[in-house]
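The residues making up each chain are set out below.
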2 protein chains.
Amino acid sequence: MRTGCEVRLVSRPEGLPTVENFAIVDVEVPEPGAGQVLVRNTFMSVDPYMRGRMSDAPSYVEPFEIGKALSGGAVGVVEVSRDARFPVGSTVLHSLGWRTYAEGLAAAFRSVDAVGVSPSAYLGVLGMPGFTAYVGLFVIDDVKAGETVFISSAAGAVGSIAGQLAKLRGARVIGSTRSKDSAKVLRDELHFDDVIVVEPGQIAKQLRNAAPTGIDFYFDNVGGEQLEAAFATLKDHGRVSACGMIAGYCDPVPGPRNMAAIVQKRLKVQGFIVSDHMARNAEFVHAVAPAVASGKISGRETFVNGLEQAPKAFISLFAPGAHIGKLVVRL
Amino acid sequence: MRTGCEVRLVSRPEGLPTVENFAIVDVEVPEPGAGQVLVRNTFMSVDPYMRGRMSDAPSYVEPFEIGKALSGGAVGVVEVSRDARFPVGSTVLHSLGWRTYAEGLAAAFRSVDAVGVSPSAYLGVLGMPGFTAYVGLFVIDDVKAGETVFISSAAGAVGSIAGQLAKLRGARVIGSTRSKDSAKVLRDELHFDDVIVVEPGQIAKQLRNAAPTGIDFYFDNVGGEQLEAAFATLKDHGRVSACGMIAGYCDPVPGPRNMAAIVQKRLKVQGFIVSDHMARNAEFVHAVAPAVASGKISGRETFVNGLEQAPKAFISLFAPGAHIGKLVVRL
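**A few points about the interface of chain B and chain A**
Alright, step 1. With 28 residues of chain B in contact, the opposing surface of chain A contributes 28 residues.
Alright, step 2. At the boundary of chain B with chain A, total buried surface from both sides reaches about 2200 Å², with 64% on carbon and sulfur atoms.
Alright, step 3. The largest share of the area that chain B buries against chain A comes from B:M259, B:V263 and B:R266, three residues that together contribute 27% of it.
Alright, step 4. With a shortest N-O distance of 2.6 Å, B:D276 and A:R266 are connected by a salt bridge.

Rendered as structure tokens:
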């Protein structure tokens, strides 16, 4: 029997999580039963949505249980297989992250032996974050060439892909970030047309300066003041795809003071959750994988090493400018 | 030459308008020129949206000018006609309210000689307010039988029609009002399934009690805390048609604190302005006029007498429980 390691939630965070909310625990890993596989995880994902599952308020996914291992996207290598579709040594994607070994029925795993793409890409540009960007732009909305698009948290896993996909479509893309270093990367390497380094209290002014004639579409990852700035800057009949409101994940934030803009400018605000749209995932991979392979889309990743660093990596998602693109824990 | 009377805006209101913002002035009414008509107004409309035009902030209609007559929906009787389509004595609808005599090119007037309907109905149930209710329910959205619908400001000109139209469609309809007397009328005469007499700070709880399993659709006339309560109570994939946000027309109100519900519940919030949808007006009249004629839809009106009462009538729109249905000034 192998000895593995897992990260458990030991208390529900109030506000910003701290490392004390987590415990790293050694566990025995039993041999897989009939129809099961045993996977040594090589990469695991930390994502802002996980903060919601750490609370026990009603939400679209059930809360993590206290005293149990967390879970989330991960990729790994099959070490023991009792299902012929998953040979030992093959790479698989699954949702049993936050632990060194994943074990379960084969149906819960998916092969991702794509040629020339790092397996970790399936946690980022070709995974849930990239698909989220695609859904918000092209399933919930239909962003068009020539439109002006604003993307908040543009250096994040979703925003960095959304910006590039909108650019490929021919839109003018303005991003926001809290870090000057990230802004430089977004401009120089990801080819954003303009980037705002947000200054609280000034965001509407900053956005108006970047888009003097207004924006057509806002991809909201943040909520709070950035959503208020978008309402102020959207043109008549503007649209918002609301993907996440990280500003309020840890502590409540006031709603936009200019909600009346929704009526005055006939805005459409549509919230979405990527898992509702899995029927479009194959279309997404088909559309985006070639652009990743050819380098047209950069699936930037920032790596942190070791399961024991996973809680800190997760917490850093809520701090400004900690990383660019997808944050991945290498195990 | 006739002597008429008009109401002018003499100063821009701050917060709630006062009678000092208005002046009633005698004016000479010249004889109509070629192609013009002269109309003696019999009814004029006061509507909440006019508050927006009293400010000079950018909006979807240009602001009223200081020192000039206000304008808005009115009906009247043709006294002098230089256009054969409008015989003397015929009844017309137009947008030159807030004055005793309206004069202009015939193209700005519309005949409303419908049989068995009071001309004032064209300012209410068959006019802009009724059409607004129709657009919010059936053009912006597609409210269906069996759904639970919440309508704020349900005793108002728009809300009272929206509730009845949704009932006719087969929905379960919950209204809100600030007045116990209005609530009784909504229940007993307009057949709302349930009515909340709103208590600030308690609205989400009140709405949850009225709709324990949640609401499917919210017709927003108010914004502010009622919108927050709707976000809290909408089911997954719920929809909001945002028609007006009267709570913030005079003074700013904070935005909903639970904007994240838009993402978590995949809500759609769509603002609209009725004048964008005039192509559907004939369809609306065709659909609703028979129901009004047969008494299935009650176009409740409250009358105030005399142009000199128009400013007070307008101001009363922002006070609780002042009237039920459409508020009309009889001239």
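Next comes the rest of the account.
**Re the pairing of strand β12 (residues 234-242) of chain A**
For a regular strand, side chains alternate in direction, first toward one face of the sheet and then toward the other.
Residues and elements named next belong to chain A.
Alright, step 1. The pairing of strand β11 (residues 215-220) with β12 spans five bridges and is parallel. Among the inter-strand pairings, F217 is bridged to a residue of β12, identified as R239.
Alright, step 2. Running through helix α6 (residues 224-233), the crossover from β11 to the neighbouring parallel element β12 is right-handed.
Alright, step 3. The pairing of β12 with strand β13 (residues 268-271) spans four bridges and is parallel. Across the sheet, the residue bridging to R239 is K268, located in β13.

**Description of the relation of the copies chain B and chain A**
Both copies of the chain are related by one operation, a rotation about an axis with a shift along it.
Alright, step 1. With an RMSD of 0.0 Å, the operation that places chain B on chain A is a rotation of 180° combined with a shift of 0.0 Å along the axis. Such a combination of turn and shift is consistent with a two-fold rotation axis. Taking the C-alpha atom as reference, chain B places B:G255 closest to the rotation axis, 2.0 Å from it.
Alright, step 2. An overlap of 100% is found between the interface residues of chain B and their copies at the interface of chain A, pointing to a shared contact surface.

**Points about the domain arrangement of chain A**
All names here are of chain A.
Alright, step 1. We note that the domain assignment places domain 1 (2-124 + 300-330) and domain 2 (128-275) within chain A.
Alright, step 2. Computed from C-alpha coordinates alone, the two centres of domain 1 and domain 2 are separated by 28 Å.
Alright, step 3. Domain 1 puts 21 residues into the contact, and the matching count from domain 2 is 19 residues.
Alright, step 4. Roughly 1500 Å² of surface becomes buried between domain 1 and domain 2 when both sides are summed, with 66% attributable to carbon and sulfur atoms.

**As for the pairing of strand β3 (residues 36-45) of chain A**
Residues and elements named next belong to chain A.
Alright, step 1. For β3, the buried fraction is high: eight of the ten residues fall into the buried class.
Alright, step 2. The sheet contact formed by β3 and strand β6 (residues 101-105) spans five bridges and is antiparallel. Pairing of Q36 across the sheet is with L105, part of β6.
Alright, step 3. Bridge count for β3 against strand β4 (residues 74-81) is seven bridges, and the pairing is antiparallel. Directly across from F43, in β4, lies its bridge partner V75.

**Structural notes on the packing of helix α2 (residues 128-139) of chain B against helix α8 (residues 281-293) of chain B**
Residue and element names in this part refer to chain B.
Alright, step 1. Look at α2 against α8: their axes get within 10 Å of each other, and the N-to-C directions meet at 100°. Our classification of the angle between α2 and α8 gives roughly perpendicular. Each of G130, F131 and Y134 in α2 lies in contact with α8, whose residues at this interface are N281, E283, F284, A287 and V288.
Alright, step 2. Classifying every residue of the contact of α2 with α8 gives five nonpolar, two polar and one charged.

**Side note on the nonpolar core**
Alright, step 1. By size, the foremost hydrophobic cluster in this structure holds 96 residues, and its most contacted members are A:F231, A:F314, B:W98, B:F231 and B:F314.
Alright, step 2. Beyond its immediate stretch of four places on either side in the chain, B:F231 contacts A:M259, B:V240, B:P256, B:N258, B:M259, B:A261, B:I262, B:K265, B:L267 and B:V269.

**Some details on the pattern of salt bridges**
Residue and element names in this part refer to chain A.
Alright, step 1. Evaluation of the coordinates by the stated rule reveals 42 salt bridges over all chains.
Alright, step 2. Where E79 meets R2, a salt bridge forms, and the shortest distance between an N and an O atom there is 3.0 Å. In this pair, E79 is assigned in strand β4 and R2 in strand β1 (residues 2-9), connecting sequence segments 77 residues apart.
Alright, step 3. When its relative accessible area of 25% is taken as the criterion, E79 is described as partly exposed.
Alright, step 4. Here the salt bridges share partners, and the residues they tie into one network are R2, E31, R40 and E79.

Rules of the game
Numbers given for residues are sequential positions, taken from 1 along each chain in its written order. Following the order in which they are written, the chains are lettered starting with A and the ligands numbered starting with 1. Only residues with pLDDT of 70 or above have their local features reported here, since the model is predicted, and side-chain atom pairs are shown and tallied only from 80 upward, although totals for entire chains, interfaces and linings are computed over all residues. Side-chain figures throughout are based on the complete set of non-hydrogen atoms in the structure, without hydrogens or water. Throughout, a contact is declared for two residues whenever any of their heavy atoms are within 4.5 Å. Summed over both partners, the accessible area (1.4 Å probe) lost when two parts come together is defined as the buried area. Whenever a carboxyl oxygen of Asp or Glu lies within 4 Å of a side-chain nitrogen of Lys or Arg, that contact is scored as a salt bridge. Two strands qualify as a pair provided DSSP detects at least 2 bridges between them. Strands are runs of DSSP state E lasting at least two residues, helices are runs of H or I lasting at least four, and both sets are numbered from the N terminus onward. Looking down the strands as they point away from the viewer, one classifies a crossover as right-handed if the path from the first strand across the helix to the second runs clockwise. We place the copies in one frame by least squares, fitting the C-alpha atoms of every residue whose pLDDT is at least 70 in both. Domain ranges listed in this record stem from an automatic or a database domain assignment. Accessibility here uses a 1.4 Å probe with only protein chains present; expressed as a share of the type maximum, an area under 20% marks a residue as buried, one over 50% as exposed, and anything in between as partly exposed. Structural elements are reduced to axes, namely lines fitted to C-alpha atoms, with helices fitted over the stretch in contact, and the angle between N-to-C directions of any two is expressed from 0 to 180 degrees. These descriptions rest on fixed angle ranges, namely under 35 degrees for roughly parallel, over 145 for roughly antiparallel, 65 to 115 for roughly perpendicular, and the rest for oblique. Classes in brief: Ala, Val, Leu, Ile, Met, Phe, Trp, Tyr, Cys and Pro nonpolar; Asp, Glu, Lys and Arg charged; the others, Gly included, polar. We define the nonpolar core as a collection of buried residues of types Ala, Val, Leu, Ile, Met, Phe, Trp, Tyr and Cys that are connected through side-chain atoms lying within 4.5 Å of one another.

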